[in-house]
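Now for the letters of each chain:
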Protein chains: 2
Amino acid sequence: METIQLIGIAASIGTGISLLPQLVKIIREKKAENVSMPMLAVLFMGLVLWVIYGILKKDWIIIGSNALSLLLNACTVIFSLKYKQ
Amino acid sequence: METIQLIGIAASIGTGISLLPQLVKIIREKKAENVSMPMLAVLFMGLVLWVIYGILKKDWIIIGSNALSLLLNACTVIFSLKYKQ
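Structure report, in brief. All values reported here derive from a predicted model rather than from experimental measurement.

## Quick look at the interface of chain A and chain B
Inference 1: Every contact between the two is made by 34 residues of chain A and, on the other side, 34 residues of chain B.
Inference 2: Across the chain A/chain B interface, buried area totals approximately 2900 Å², and carbon plus sulfur atoms make up 73% of it.
Inference 3: Linking chain A to chain B there are zero salt bridges.
Inference 4: Taken together, the connections running from chain A to chain B amount to 13 residue pairs in polar contact (both at pLDDT 80 or more).
Inference 5: When residues of the side of chain A that touches chain B are traced back to their parent elements, those giving at least two are helix H1 (3-17), helix H2 (19-29) and helix H3 (37-57) of chain A.
Inference 6: Among the residues making up the side of chain A that touches chain B, the classes are represented as 19 nonpolar, nine polar and six charged.

In structure tokens form, the structure reads like this:
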């Protein structure tokens, strides 16, 4: 596998899992007042477009990492709504 | 321009500017207690890798959108540190 592909995969994993610490923090502290819902909404739309882009380009790195992000995003939205005051 | 390129550009803009509402919220409310610093750190590393990937691939959409995200991420880190208690 080429270096460029490895960098692409590492980049995908990095941005893909970045919402995980936020999700864990919200669930652990049961607080989400300072988390921006518009951020999560804009990110959701962007991620859906990335998955469509990946499907059209048949690029499994793009599809996989963005589908993972979408799942984390959806969980973050659900718990943010639950713990907003 | 092809539909696939337009979708890629729209996707880049969506995920690229998604931190903007979070940054505005932090500056306006002067509070960032519930914002996860590890999220911002993991995202930062992922974005740096995406910019490198874009440079190696000579893909200006990837470079531009991720460089914009990096800038927003850096501002969000600075203001989060400032307003954490």
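From this point, things continue past the structure.
## Describing the nonpolar core
Inference 1: Counting 26 residues, the largest nonpolar core has A:Leu19, A:Val35, B:Leu19 and B:Val35 as its most contacted members.
Inference 2: Breaking this core down by element, the ones donating at least two residues are H2, H3 and helix H4 (60-83) of chain A together with helix H2 (19-29), helix H3 (37-57) and helix H4 (60-83) of chain B.
Inference 3: When residues no more than four places from it in sequence are discounted, the contact partners of B:Val35 are A:Gln22, A:Lys25, A:Asn34, B:Gln22, B:Ile26, B:Leu40, B:Ser80 and B:Lys84.

## Observations regarding H1(A)
Inference 1: Over its 15 residues, H1(A) runs 21 Å from end to end, which matches the ideal 21 Å to within 8%, given 1.5 Å per residue.
Inference 2: Burial in H1(A) covers these residues: A:Ile4, A:Ile7, A:Gly8, A:Ala11, A:Ser12, A:Gly14, A:Thr15 and A:Gly16.
Inference 3: Check the buried side of H1(A) and you find it contacts H4 of chain A together with H3 of chain B.

Conventions we followed
- Residues numbered from 1 in each chain as written.
- Chains lettered and ligands numbered in written order.
- Predicted model: local features only at pLDDT ≥ 70, side-chain atom pairs only at ≥ 80, totals over all residues.
- Heavy atoms only, no water.
- Contact = heavy atoms within 4.5 Å.
- Buried area = accessible area lost by both parts, 1.4 Å probe.
- Salt bridge = Lys/Arg side-chain N within 4 Å of Asp/Glu carboxyl O.
- Polar contact = N/O pair within 3.5 Å; in protein donor to acceptor, adjacent residues only side chain to side chain.
- Helix = DSSP H or I, 4+ residues; strand = E, 2+ residues; numbered from the N terminus.
- Nonpolar A, V, L, I, M, F, W, Y, C, P; charged D, E, K, R; others polar.
- Core = buried A, V, L, I, M, F, W, Y, C linked by side-chain atoms within 4.5 Å.
- Buried < 20%, exposed > 50% of the residue type's maximum accessible area, 1.4 Å probe, protein only.
- Expected span 1.5 Å × (residues − 1).

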